[in-house]
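Fold and geometry: a report
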Amino acid sequence: MRTALVIGTGLIGTSVALALLDAGVRVYLSDSDPGAARTASALGAGSLDRPGTPVDLAVIAVPPAQVGAVLARSQADGVARAYTDVASVKGLPLGDALRLDCDTARYVGGHPMAGRERSGPCAARADLFRGCSWVLTPDARTTEETSALAHELVALCGAVPVTMTARAHDEAVALVSHAPHLLSSLMAAQLPAAEGSVTGLAGQGLRDMVRIAGGDALLWSDILSANAPAVAEVLEGLLVDLSVTLRALRALGSEDRRGDSLAQLNELLERGRTGHRQVPAKPHTAPVVTVGLDVVVGDEPGTLGRLLAEVGAAGVNVEDLQIEHDAQGTAGTVTLTVDERSAQELALALGRHGWCCALPGLELPDPEAFGYLARAERKRTSP
């Protein structure tokens, strides 16, 4: 691939353009919003000139409901040898392309499984797709050249290609992307009616829950509309569990408690734990049973680096890391997500080096044997 045209200069389109430029491809930009195109160009994402000859690949980066029409116009103008898109729904664009008599042999659907809560060209990053899955949905009509160019696009963006049918893709993303976003928004939508003193109590759990609710509402309305049947199917399953949970909580909160209510609630929570373990901490890795090891750290320069150095010295890989500060700002808790098999050994090793650790189900030796608990408490209470 030597030349490419990116149609649509939002977050995804501009990120594609930046990645291709880094790979040495000459990139042209187009957008129905001239201001967005100028911004992307000013960020160094490509040229606003019209290509003099058909480019090797046109990347259509517009909402799902617009892909078919943009593809039809682009093919009528002969802007490229091959075409792909980056919409998060695949069935609707393909159906529109067939209805509009597009040349689907030179089109392959695509969806990079990456994004950010921010939108627009200013949020774009050349490394946005590095290491992420990028679904491609070719079919019997797709030419070898088109498929090859789409795979080259994925490779140049540093992503990992995954081949699926359009229907299988839409059912999958309804479960792993679209329904979670909707549920995050539903939870966040409960907050405006709460008093400020209530939301001021929010901890990391609520922040994690509502983080993705900050996405562009109009864009997500388009996405959910385009994949409505598959998302509704996921919500049907959630509604069954929610109804059971609601009845159990009502029973537990009344004087006439049903004996199986607590068991039903516990069964749901255990299924949730099982599902949590099935999600890999990193893309393209086998799921690992992990636990969170809490470590108290003082708010001092170099403390976090020293902790991670000692974790490395213990030969343990950290799958994830979160930091929660205490109200006084003098200390905090670092939660290290590690393989369950190495968590206890790591906790004991850190304890011997003076760290205050807490791990569910682990009985640490007498804290005074190491003296780390007293040191941690002094860090917490020191002025």
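Quick caveat: nothing in here was measured; it's all calculated off a predicted structure. (Residues numbered from 1 in each chain as written. Predicted model: local features only at pLDDT ≥ 70, side-chain atom pairs only at ≥ 80, totals over all residues. Heavy atoms only, no water.)

**Observations concerning the packing of helix H6 (residues 166-188) against helix H10 (residues 228-252)**
Between H6 and H10, whose axes approach to 8 Å, the crossing angle comes to 65 degrees. Considering their axes alone, H6 and H10 lie roughly perpendicular with respect to each other. Note that H6 runs across H10; the crossing there is right-handed. Contacts between H6 and H10 involve Asp170, Glu171, Ala174, Leu175, His178, Ala179, Leu182 and Leu183 on the former and, on the latter, Ala230, Val231, Val234, Leu235 and Leu238. The residue makeup of the contact of H6 with H10, split by class, is ten nonpolar, one polar and two charged. (Axes fitted to C-alpha atoms, helices over the stretch in contact; angles between N-to-C directions. Helix = DSSP H or I, 4+ residues; strand = E, 2+ residues; numbered from the N terminus. Parallel < 35°, antiparallel > 145°, perpendicular 65-115°, else oblique. Left-handed = near helix turned anticlockwise from the far one by under 90°. Contact = heavy atoms within 4.5 Å. Nonpolar A, V, L, I, M, F, W, Y, C, P; charged D, E, K, R; others polar.)

**What about helix H9 (residues 217-226)?**
Among the residues of H9, Trp220, Ile223, Leu224 and Ala226 are the ones counted as buried. Looking straight down H9, one finds that the buried residues subtend no more than 165 degrees of arc, so they occupy a single side. Opposite its buried face, H9 presents the exposed residues Ala217, Leu218 and Ser225, each directed more than 90 degrees away. Elements in contact with the buried residues of H9: helix H3 (64-77), helix H4 (91-99), H6 and H10. In this structure Asp216 caps H9, since a side-chain oxygen of it lies 3.1 Å from the backbone nitrogen of Leu218. (Buried < 20%, exposed > 50% of the residue type's maximum accessible area, 1.4 Å probe, protein only. Arc of directions from axis to C-beta. Polar contact = N/O pair within 3.5 Å; in protein donor to acceptor, adjacent residues only side chain to side chain.)

**Some points on the pairing of strand E2 (residues 26-30)**
By the bridge criterion, five bridges tie strand E1 (residues 3-7) to E2 in an arrangement that is parallel. Within E2, the residue paired with Ile7 across the bridge is Ser30. (Pairing = 2+ DSSP bridges.)

**A closer look at the environment of Thr3**
Structurally, Thr3 is set in strand E1. On a C-alpha basis, the gap between Thr3 and Gly24 in space is 9.1 Å, while along the polypeptide they are 21 residues apart. When sequence neighbours within four positions are dropped, the list of residues in contact with Thr3 reads Val25, Arg26, Val55, Asp56 and Leu57. At 3.1 Å, the side chain of Thr3 and the backbone nitrogen of Asp56 are in polar contact.

**Looking at the pattern of salt bridges**
Taken as a whole, this structure holds eleven salt bridges when the rule is applied. Of the charged contacts, one joins Asp103 and Arg106 as a salt bridge, the two residues approaching to 2.9 Å between their closest N and O atoms. You can call Arg106 partly exposed: its relative accessible area is 25%. The network of salt bridges with shared partners includes Asp56, Arg81 and Glu145. (Salt bridge = Lys/Arg side-chain N within 4 Å of Asp/Glu carboxyl O.)

**Some remarks on the environment of Val16**
In this fold, Val16 is placed in helix H1 (residues 11-22). Considered as a pair, Val16 and Asp127 are 111 residues apart in the sequence and their alpha carbons are 9.0 Å apart. Setting aside chain neighbours within four positions, we find Val16 in contact with Val6, Val59, Phe129, Trp134 and Leu153.

**Quick word on the sheet that holds strand E11 (residues 356-358)**
One open sheet holds the four strands; their spatial order is E9-E10-E8-E11, and the pairing between them is antiparallel. Of all the strands in the sheet, the pair left with one neighbour each is strand E9 (318-325) and E11. The sheet shows a mean angle of 25 degrees between the axes of neighbouring strands, direction not considered. Where E9 and strand E10 (residues 331-339) come together, seven bridges link them in antiparallel fashion. Bridging across to E10, Gln322 finds its partner in Thr335.

**Here we look at the packing of aromatic side chains**
Aromatic ring pairs are described here by two measures, namely the spacing of the ring centres and the angle between the planes. The tally for this structure, following the rule as stated, stands at one aromatic pair. Between Phe129 and Trp134, the ring centres sit 5.2 Å apart and the planes meet at 55 degrees, which makes this aromatic pair tilted. Here Trp134 falls in the buried class, since its relative accessible area comes to 1%. (Phe/Tyr/Trp six-rings, centres within 6.5 Å; stacked < 30°, edge-to-face > 60°.)

**Considering the side chain of Thr245**
Structurally, Thr245 is set in helix H10. With near-sequence residues (within four places) excluded, Thr245 lies in contact with Leu265 and Leu268.

**Overview of unusual backbone geometry**
At Asp101, a residue that is not glycine, the phi angle is positive and equals roughly 60 degrees. Since its relative accessible area comes to 70%, Asp101 is described here as exposed.

**Things to note about a nonpolar patch on the surface**
Nonpolar side chains collect at one region of the surface, where Leu183, Leu186, Met187, Met209 and Leu238 lie side by side and expose about 390 Å² of accessible area between them. Note on placement: Leu238 falls in helix H10. Since its relative accessible area comes to 34%, Leu238 is described here as partly exposed. (Patch = residues over 30% accessible without salt bridge, like charges linked within 9 Å, V, L, I, M, F, W, Y side chains within 5 Å. Areas by Shrake-Rupley, 256 points an atom, 1.4 Å probe, with all protein chains shown as cover.)

**Regarding the pairing of strand E5 (residues 107-112)**
The buried fraction of E5 amounts to six of the six residues, a majority that puts the element mostly inside the structure. Of the two faces of E5, the one carrying Tyr107, Gly109 and His111 and the one carrying Val108, Gly110 and Pro112 are both buried. Read from strand E4 (residues 80-85) through H4 to E5, the crossover connection turns out right-handed. (Right-handed = clockwise from strand over helix to strand, strands pointing away.)

**Quick word on the nonpolar core**
The biggest cluster of nonpolar side chains holds 34 residues, and the ones touching the most others in it are Met1, Val16, Leu20, Phe129, Trp134 and Leu153. For this core, the elements supplying multiple residues, two or more each, are E1, H1, E2, strand E3 (55-60), strand E6 (133-137) and helix H5 (144-156). Per element, the largest residue contribution to this core is seven residues, and it comes from H1. Those residues in contact with Met1, other than ones at most four positions away along the chain, are Leu20, Val25, Asp56, Leu57, Leu149, Glu152, Leu153 and Leu156. Leu5, Tyr28, Ala80 and Tyr83 belong to the second-largest nonpolar core, a separate cluster that totals 17 residues. (Core = buried A, V, L, I, M, F, W, Y, C linked by side-chain atoms within 4.5 Å.)

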